[in-house]
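# Breakdown of the fold
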Amino acid sequence: MPAAVAADGPSALPSPFSASRPWTVLAPMQDVTNLGFLRVIARCGAPDWFVTEFFRVHATSTLEKHILASITENTTGRPIFAQLIGEDIPHMVRTVRQLLQFPVAGIDLNLGCPAPKVYRKNVGGGLLRDLAHVDQLLAALRAATPGLFTVKMRIGFDDTAAFPDFLALMRQHRVDLLSVHGRTVKGLYRSPVDYAAIAQAAQSVACPVVANGDITSAAKAQTVVAQTGCAGLMIGRHAIRNPWIFRQIHEAFAGEKIFQPTLSDVRSYIDDLAANVLAPDMTPLRQAARLKKFLNFVGTGVDPEGNFLAAMRRAPDLPELLRVCDAHLLAGDRANRPFSSEPFQGVIARPNCEQECSL
Ligand SMILES: Cc1cc2nc3c(=O)[nH]c(=O)nc-3n(C[C@H](O)[C@H](O)[C@H](O)COP(=O)(O)O)c2cc1C
């Protein structure tokens with residue numbers, strides 16, 4: 001494990017646990033990757049590091065307390081990078097300086113959020129339309145960050161024409177690590193992932209590249225590493241569905257037997273989620289809505305007909321929602337059934353659960 005982080009950030013990337021496998025990273029997800037969820041994931045088999053959901057930066061922004069808690073109260077034993085979204089250079093630099101007072105593993109810049117209300121403000125994925133501004137922003141953030149400075153980007157806005165130019169900027173500004181979600185901003189979350197573009201990034205930048213997008217299982221992880229030559233794998237929605245995915249990837253690359261969860265393990269995971277991601281002062285209705293956000297993804301791996309997803313979406317409150325979970329995951333001989341390592345084709349999480357970025 002990396003040692004405690006110095007006040008100005010570490011100067012080296014966390015060591016991989018074994019040179020024979022790529023790094024694993026939990027993708028930042030707004031309203032999902034909070035402190036409680038990180039703890040749940042760590043118990044199932046932690047990735048090598050975490051990234052906070054984005055801190056919004058603008059003229060009057062302050063560090064959001066609940067996001068800061070994922071840094072200051074991080075007891076997972078894994079480092080966490082702080083992600084920023086914004087375009088105002090002086091305020092981005094101010095926020096970096098504030099964040100460097102806390103035990104962050106490094107600073108990560110969001111160049112990918114595709115929500116229209118975000119990109120219309122020329123932040124997140126919107127910045128991929130403005131090479132000149134990204135040039136200045138990278139220069140300023142690099143100068144402000146003595147430790148690790150990383151970027152998470154998509155491969156373009158409408159198309160990939162400017163991707164090589166953005167990659168050249170990553171080299172020029174000595175970015176320490178680049179995570180590439182292999183879709184354009186307009187591709188949102190469902191267009192096919194362009195792994196060739198991720199391979200192109202891995203070949204052209206000077207730093208390690210982390211591949212992101214639709215890494216659904218340990219088997220897919222091995223394919224993506226072979227296809228892209230990436231140094232690491234970042235996983236978002238499929239870690240919500242299958243919180244053991246990092247453990248399974250580590251086992252696969254070590255040539256060990258891969259852990260096979262049962263539906264009973266999934267039921268225990270849901271209890272752990274309920275205990276860690278729901279605030280006690282929420283109404284049962286609000287608690288149900290929050291837990292459903294996670295179950296939307298879990299449900300894509302429970303049954304090929306999508307019966308669990310349909311039933312859980314109808315549950316009006318938390319007690320009823322947990323009864324639905326019991327019925328679909330424990331009743332009869334279900335408890336010992338294996339939990340699918342891949343999501344079932346045609347059983348999909350609600351699109352609005354994947355686009356809820358707000359600024
Ligand atoms: C609910 C949700 C919230 C997200 N929030 C962020 C965010 O705060 N910062 C970011 O860089 N990406 C965010 N993303 C994008 C993910 O980090 C990741 O790039 C994307 O989901 C593709 O990876 P996957 O196929 O493994 O899910 C979000 C994705 C989802 C589904």
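Structural notes, computed from the coordinates. In this text, all values refer to a predicted model and were calculated from it rather than measured experimentally.

In this model, helix 14 (residues 318-329) (12 residues) spans 16 Å end to end at C-alpha, consistent with the 16 Å of a helix rising 1.5 Å per residue. On the buried face of helix 14, the contacting elements are helix 11 (263-277), helix 12 (284-298) and helix 13 (307-314).

The next thing to look at is the nonpolar core. With 107 residues, the main nonpolar core has Leu178, Val209 and Leu233 as its most contacted residues. Summarising the domain contributions, this core has at least three residues from each of domain 1 (23-253) and domain 2 (263-340). Discounting residues that sit within four places of it in the chain, Leu233 has contacts with Pro22, Thr24, Val210, Ala211, Ile215, Ala221, Val224 and Ile249.

Taken together, 24 residues are adjacent to the ligand, and Ala27, Met29, Gln30, Gly236 and Arg237 come closest. For the shell around the ligand, a count of residues per class yields 9 nonpolar, 9 polar and 6 charged.

Another point: the packing of helix 12 against helix 14. Running from amino to carboxyl end, helix 12 crosses helix 14 at an angle of 40 degrees, the nearest separation of the two axes being 8 Å. Classified by the angle their axes make, helix 12 and helix 14 are oblique. Contact residues: helix 12 offers Pro284, Gln287, Ala288 and Leu291, while helix 14 offers Leu318, Pro319 and Leu321. Among the residues making up the contact of helix 12 with helix 14, the classes are represented as 6 nonpolar, 1 polar and no charged.

Here is what the cut-offs are and how they apply
Residues numbered from 1 in each chain as written. Predicted model: local features only at pLDDT ≥ 70, side-chain atom pairs only at ≥ 80, totals over all residues. Helix = DSSP H or I, 4+ residues; strand = E, 2+ residues; numbered from the N terminus. Expected span 1.5 Å × (residues − 1). Contact = placed C-beta atoms within 7 Å. Core = buried A, V, L, I, M, F, W, Y, C linked by C-beta atoms within 7 Å. Buried ≥ 20, exposed ≤ 12 C-beta atoms within 10 Å, placed from the backbone. Domains from an automatic or database assignment. Near = placed C-beta within 6 Å. Nonpolar A, V, L, I, M, F, W, Y, C, P; charged D, E, K, R; others polar. Axes fitted to C-alpha atoms, helices over the stretch in contact; angles between N-to-C directions. Parallel < 35°, antiparallel > 145°, perpendicular 65-115°, else oblique.

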